[in-house]
Amino acid sequence: MALHLSLLLLLLFLILTLILFVLSAVRYVFVQTGGSITIPCHYDLNHINHVKYWCKGLGWEVCSSVVRTDHPKISGKASISDDINKRIFTMTMTNLTSWDSEHYRCIVEINGGTDIRIQWFYLSVTPGTPELYVDQQEVTGVEGGSVNVRCYSSYSGDMKWCMMGGGCVSYSGTLHGISVTLKRTSDANNRKVLTVTMSGLKMENTDWYWCEVGELEMPVHITVSQQTATQRTIKMTSTTQAPTNQQPSASPTAEPVQTDNTSQGAEGNMEDVHQRSIDVKVLLIPWGMLVVVTAGILVTWKMWTKHKDNKAKDQTTNNSVAPFPEEDDDVTYSTVIPQHKAQLKVQAKAAEPDDNVVYSSLALQVTTQQRATAEQQ
């Protein structure tokens, strides 16, 4: 019994370890040598006035601070900024080398308590072409206009376009109230290209977005500004002209692409459900899995205990049953056998001589004469 209980506890420990590992699954960001990267982290409303910082290293014990918001904003090649309106703090690293390839964490400092890890990712600085990259991380647009973002990937998997704190779009649809069109093509080097077009921009659409494929991410910041008087005049003039089928011009820094037969999916509001916040993910997933695992263990334990009890009862029953029933004075097995025995006893008693019975006087005389004759001889 103790052995089975130990095995169940070991199984529970392994499952909990797996849950924590999944929740701590690292995200990957690839940057080419000599380039730069900006990583955003979204924090809770209660942590606006807290110090935020970045550390470098896999574990808490070896994670060394890179830059903090309570120190000078620039430290070597790294800088940090905190937007309390959006509740997003970002770290930017420039002139990256292979020595910068490491695990990084963005953390909220808790005075007198355990610091809160917001995000954990691995930065890979490679001399070749990154597995996932964009033309530029900073994209600007005007209110009422549109922006185009191109994501390039050599990684197998379907690319998505996501919004920080919102959802993801796998096919054309809407995201946070604006129209999003996704077009999948490939370039001359057989890399997958996802062209994202966001139309009908509003001022509140200024935010962080990212391309995602598998465990790879590449953040993109979109800034929406108000139209100038000149832009409004140009727009009013263009609306009075006949519409044309001219496609929007590509970014001057974009590579030439060729359309392939990659499926672009059905049109419509087909948005993937994405995590609403890191806090919800951290709370709901482990507790839900823990409840399921605990219920499974309890059911298994109950079934095993019931089986053991039934087996013990069967053994007790087998040991208590005799092969033949013993004679019991209180039990009458049959009325025929006792009657037969009584008749036999009567017959046997009748066959025995009885001194009180006179059988025949003639027989006695004959017997007396025979004895006298025998004596004379």
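Here, the structure is the one placed above.
This write-up is about the structure you can find in this document. (Residues numbered from 1 in each chain as written. Predicted model: local features only at pLDDT ≥ 70, side-chain atom pairs only at ≥ 80, totals over all residues. Heavy atoms only, no water.)

1. Comments concerning the packing of aromatic side chains
Rules: Two aromatic rings from Phe, Tyr or Trp, using only the six-membered ring of Trp, form a pair when their centres are within 6.5 Å; if the ring planes differ by under 30 degrees the pair is stacked, by over 60 it is edge-to-face, and anything between is tilted. Where helices and strands are cited, they refer to DSSP runs of H or I of at least four residues and of E of at least two residues respectively, numbered from the N terminus. Residue exposure (1.4 Å probe, protein chains only): buried if accessible area is under 20% of the type maximum, exposed if over 50%, otherwise partly exposed. A ring is scored as having a charge over it whenever the NZ atom of a lysine or the CZ atom of an arginine sits within 6 Å of its centre and within 35 degrees of its normal.
As enumerated under the stated definition, the model contains six aromatic pairs in all. Look at W161 and Y209: their rings are 5.8 Å apart centre to centre, the planes differ by 5°, and that puts the pair in the stacked class. With W161 in strand β13 (residues 160-163) and Y209 in strand β18 (residues 207-213), this pair connects stretches of sequence that are 48 residues apart. With relative accessibility at 0%, the residue W161 sits in the buried group. Through pairs of rings, three or more aromatic residues link up here, namely W54, Y104 and F121. Directly above the ring of W120 sits R105, whose terminal nitrogen or CZ lies 4.9 Å from the centroid.

2. Observations concerning the side chain of Q137
Defined as follows: In what follows, a contact means two residues having at least one pair of non-hydrogen atoms within 4.5 Å.
Relative to the helices and strands, Q137 resides in the loop between β10 (132-134) and β11 (138-142). Contact partners of Q137, with chain neighbours within four places excluded, come to S36, I37, T38, W208, M218, P219, V220 and H221.

3. Focus: unusual backbone geometry
In terms of backbone geometry, most residues other than glycine have negative phi values and most peptide bonds are trans. Positioned with a positive phi, R87 is a non-glycine residue whose angle comes to about 55°. Tracing the backbone through its elements, the reader meets R87 in the loop between β6 (78-83) and β7 (88-93). The exposure class assigned to R87 is partly exposed, which follows from its relative accessible area of 25%.

4. Looking at the pattern of salt bridges
Note the following rule: The salt bridge definition used is simple: a Lys or Arg side-chain nitrogen within 4 Å of an Asp or Glu carboxyl oxygen.
Considering all chains together, one arrives at eight salt bridges under this definition. Between R27 and E217 there is a salt bridge, with its nearest N and O atoms 3.0 Å apart. Linking R27 in strand β1 (residues 27-32) with E217 in strand β19 (residues 216-225), this pair joins segments that are 190 residues apart in sequence. A network of salt bridges, in which partner residues are shared, links R27, E212 and E217.

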